[in-house]
Amino acid sequence: MDRAALADFLRRRRELLRPEDVGLGQGPRRRTPGLRREEVAALAGMSVDYYTRLEQQRGPQPSEQMIAAIARALRCSLDERDHLFHLAGQNAPTRMHRADHVDPAILRVLDRLEDTPAIVVSHLGETLVENRLAAALLGSSVSLPGNERYQAWRWFVTGNELAKYAPEQHERLARVVVASLRAAVGLAGPGDRRATELIAELQTRSPEFGELWAKHEVATRWSDNKTIVQPELGRITVDCQVLHTDDQAQALLLFTAPAGSEDAQKLELLGVVGQQTFAG
């Protein structure tokens, strides 16, 4: 771990970014260029103290997951992400079959969706980044540990995903989750070790997943209609539009409702509820 070079890289990247580059307001007059340390820490989902120590050459060696989070927060390119891994004394993830680095262009789109819940997921359904409204609508999953970041795991193993959707849709959505996962595994090929491990663990932990997996249903998600049960606002029916990257390694999920509908009004109200929840 090259503490001095890592600190210098982090500081320089932070100073190059403007608040509007990451979806933040300009706010009070800034005495120094770029983002503040607390803003980067918030974007990366870590404490301000932890990030500050890294910039001051006195922090512990960050984990792979932490480095990836910092790279996303600083809107690093893939080359810059790999450089960041090397400075932190870690091996950069192989570019083939790894989709945990969100392209800066996708992040710029996400940053501008202030009134639309949106999530970026990997080909295996791992939540990579979410905006504030998505967290208010579905609960935050980007900071969950290990396999809980994967939708299929939350659906079939922990069961935490089921409560987010109307009961009458559970059977259909379970099949959609499995069919989408099979399509992604087929697209990635046998060299995707993470996919192989995830499928094996799901089959071991969930008989229901095993039964659905054995059906060999395959389908890539492009759009869907879902009824979400939001704790404060109740049932909200939304159209889920899925926008894939060219290699289908990642997808941007957008949740919308027809203009003027009761569901659209609830999504607008969700903005207020979400702000109050995060402020608390």
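Since the model is a prediction, treat every value here as computed from it, not as a measurement. (Residues numbered from 1 in each chain as written. Predicted model: local features only at pLDDT ≥ 70, side-chain atom pairs only at ≥ 80, totals over all residues. Heavy atoms only, no water.)

Moving on: the overall build of the protein. Secondary structure assignment for the protein yields 12 helices and 5 strands. Taking 2.2 N^0.38 as the reference for a compact globule, 280 residues should give roughly 19 Å; the C-alpha atoms of the protein span a radius of gyration of 20 Å, in line with that estimate. Sorting the 280 residues of the protein into buried and exposed places 49% on the buried side. Approximately 14,100 Å² of the protein is accessible, and the part contributed by carbon and sulfur atoms is 51%. Averaging the locations of the 35 positively and 38 negatively charged side chains of the protein gives two centres separated by 5 Å. (Helix = DSSP H or I, 4+ residues; strand = E, 2+ residues; numbered from the N terminus. Rg over C-alpha atoms; globule rule 2.2 N^0.38 Å. Buried < 20%, exposed > 50% of the residue type's maximum accessible area, 1.4 Å probe, protein only. Areas by Shrake-Rupley, 256 points an atom, 1.4 Å probe, with all protein chains shown as cover. Lys, Arg positive; Asp, Glu negative; His and termini not counted. Charge placed at Lys NZ, Arg CZ, Asp CG, Glu CD.)

Under the defined criterion, the tally for this structure stands at 4 cavities of 30 Å³ or more. Roughly 280 Å³ of volume is contained in the largest cavity. Along the wall of the largest cavity there are 21 residues; nearest its centre are Ser122, His123, Ser180, Ala184 and Arg221. Counting residues per element, the ones that place at least two in the lining of the largest cavity are strand E1 (118–122), helix H8 (151–158), helix H9 (170–188), strand E4 (234–244) and strand E5 (250–256). Class assignment of the residues belonging to the lining of the largest cavity gives a composition of 12 nonpolar, 8 polar and 1 charged. Size it by volume and the second largest cavity reaches roughly 150 Å³. What lines the second largest cavity is a set of 16 residues, and nearest its centre among them are Ile119, Gln151, Arg154, Glu161 and Leu253. Elements with a minimum of two residues in the lining of the second largest cavity: E1, H8 and E5. Residues belonging to the lining of the second largest cavity are distributed by class as follows: 6 nonpolar, 5 polar and 5 charged. (1 Å grid on protein atoms, 1.4 Å probe; cavity = no way out; pocket = protein on both sides within 12 Å on 5 of 7 lines; lining within 4 Å. Points joined across faces, edges and corners; volume = space filled by probe spheres on them. Nonpolar A, V, L, I, M, F, W, Y, C, P; charged D, E, K, R; others polar.)

Here we come to the layout of surface pockets. Reported here for the largest pocket is a volume of approximately 1,100 Å³. The wall of the largest pocket is formed by 33 residues, among which Ala42, Leu43, Val129, Glu130 and Asn131 lie closest to the centre. Looking at the lining of the largest pocket, the elements with two or more residues in it are helix H2 (37–44), helix H4 (64–73), helix H6 (104–111), strand E2 (127–130) and helix H7 (132–138).

Here the focus is the sheet that holds strand E3 (residues 223–230). Spatial ordering of the open sheet is given by E2-E1-E5-E4-E3, a layout of 5 strands whose pairing is antiparallel. With partners counted over all chains shown, the strands left at the sheet margins are E2 and E3, one partner each. Sheet twist, expressed as the mean angle between neighbouring strand axes with direction ignored, is 30 degrees. Sheet analysis places E1 next to E2, joined by 3 bridges and oriented antiparallel. Across the sheet, Val121 pairs through a bridge with Thr127, a residue of E2. (Pairing = 2+ DSSP bridges. Axes fitted to C-alpha atoms, helices over the stretch in contact; angles between N-to-C directions.)

What follows concerns the packing of aromatic side chains. Throughout the structure, instances matching the rule amount to 3 aromatic pairs. Here the aromatic rings of Phe156 and Phe209 are separated by 5.5 Å at their centres, their planes lie at 70 degrees, and the arrangement is edge-to-face. Residue Phe156 is located in helix H8, and its partner Phe209 is located in helix H11 (residues 207–213); the two are separated by 53 residues in the primary sequence. Here Phe156 and Phe209 have matching classes, each one buried. (Phe/Tyr/Trp six-rings, centres within 6.5 Å; stacked < 30°, edge-to-face > 60°.)

The topology assignment puts Glu130 in strand E2. Buried charge without a partner: Glu130 forms no salt bridge, and the closest opposite charge is Arg154, 7.6 Å away. For Glu130, the side chain forms a polar contact with the side chain of Ser140, separated by 2.4 Å. Engagement of the side chain of Glu130 in a polar contact is seen with the backbone nitrogen of Ser141, the distance being 3.3 Å. (Salt bridge = Lys/Arg side-chain N within 4 Å of Asp/Glu carboxyl O. Polar contact = N/O pair within 3.5 Å; in protein donor to acceptor, adjacent residues only side chain to side chain.)

UniProt tags residues 34–81 as "domain: HTH cro/C1-type" (unreviewed entry). With 62% helix and 0% strand, residues 34–81 has end C-alpha atoms that lie 19 Å from one another. (UniProt positions renumbered as here; feature names shortened; annotations may be inferred.)

Once that is clear, we can look at helix H1 (residues 3–16). Taking 1.5 Å of rise per residue, the 14 residues of H1 would be expected to cover 20 Å, and the 20 Å separating its terminal C-alpha atoms lies within 8% of that figure. Every buried residue belonging to H1 is among Leu6, Ala7, Phe9, Leu10, Arg13 and Arg14, and all of these are buried. Axial view of H1: buried residues confined to an arc of 165 degrees, hence all on one face. Set apart from the buried face of H1 by more than 90 degrees, the exposed residues are Arg12 and Leu16. Packed against the buried residues of H1 are H2, helix H3 (48–55), H4 and helix H5 (78–87). (Expected span 1.5 Å × (residues − 1). Arc of directions from axis to C-beta. Contact = heavy atoms within 4.5 Å.)

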